[in-house]
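# Topology and contacts: notes
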Amino acid sequence: MELINRDKLIRRMGKLNVSQRELARAAGWKSHSYMRRLITGEAKTLNTDPALRIAHYLHLDVDDLFVTRVDSPRAQVDTPEPRRRIKTAA
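All of the points below concern the structure found in this document. Starting afresh in each chain, residues are numbered from 1 along the sequence in its written order. Local features are withheld for residues below a pLDDT of 70 in this predicted model, meaning they are given only at 70 or higher, and side-chain atom pairs are given and counted only at 80 or more; totals for whole chains, interfaces and linings count all residues. Water and hydrogen atoms play no part in the side-chain values, which are based on all heavy atoms of the structure.

With that out of the way, let us pick up the pattern of salt bridges. In the sections that follow, a salt bridge refers to a side-chain nitrogen of Lys or Arg positioned within 4 Å of a carboxyl oxygen of Asp or Glu. A full pass over the atoms with the stated rule returns three salt bridges. Through salt bridges with shared partners, one network takes in R36, R37 and E42.

Moving on: the nonpolar core. What makes a nonpolar core is a set of buried Ala, Val, Leu, Ile, Met, Phe, Trp, Tyr and Cys residues whose side-chain atoms join them at distances within 4.5 Å. Burial status follows relative accessibility: with a 1.4 Å probe on protein chains alone, a residue under 20% of its type maximum counts as buried, one over 50% as exposed, and anything between as partly exposed. Counting residues in hydrophobic clusters, the biggest one holds 21 residues, and the most contacted among them are L9, L23, I54, L58, L65 and F66. Listing elements by their share of this core, those giving two or more residues are α1 (6-16), α2 (20-27), α3 (33-40), α4 (48-57) and α5 (62-65). Throughout, a residue-residue contact means that at least one pair of heavy atoms, one from each residue, lies within 4.5 Å. Once you skip the residues sitting within four places of it in the chain, L9 turns out to touch L3, L23, I39, I54, L58 and L65. Helix numbering and strand numbering both begin at the N terminus, where a helix is a DSSP run of H or I of at least 4 residues and a strand a DSSP run of E of at least 2.

Attention now goes to the packing of α1 against α3. Note on definitions: angles span 0 to 180 degrees between N-to-C directions of axes, and those axes are lines fitted to C-alpha atoms, for helices only across the stretch in contact. At their nearest, the axes of α1 and α3 sit 9 Å apart, and the two run at 120 degrees to each other. Of the possible angle classes, the one that applies to α1 and α3 is oblique. Packed against α1, whose contacting residues are R6, L9, I10 and M13, the element α3 presents L38, I39 and T40 at the interface. Three classes are used, and their members are as follows: Ala, Val, Leu, Ile, Met, Phe, Trp, Tyr, Cys and Pro are nonpolar, Asp, Glu, Lys and Arg are charged, and the others, Gly among them, are polar. For the contact of α1 with α3, the per-class residue count stands at five nonpolar, one polar and one charged. Our angle categories are set so that under 35 degrees counts as roughly parallel, over 145 as roughly antiparallel, 65 to 115 as roughly perpendicular, and the remainder as oblique.

Spelled out as structure tokens, the structure:
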């Protein structure tokens, strides 16, 4: 998932008086360094579970802070074109 509203994250942390360490723990991380990188804009993406935990901890919908991104060519599904019948002369 990609953090799309860094300002809202920071404002909500301030409003609820939540520290980076506290939010990192809520996300399931042992260290707060990645949380710091998200807040400063050095990092933008994270896995779905931590994103859900962060939103829940801050009493927000996950869509208020994050969006799902699919950038990997492996994740894209190629749909084959349907085969067409060719009429032949009898």
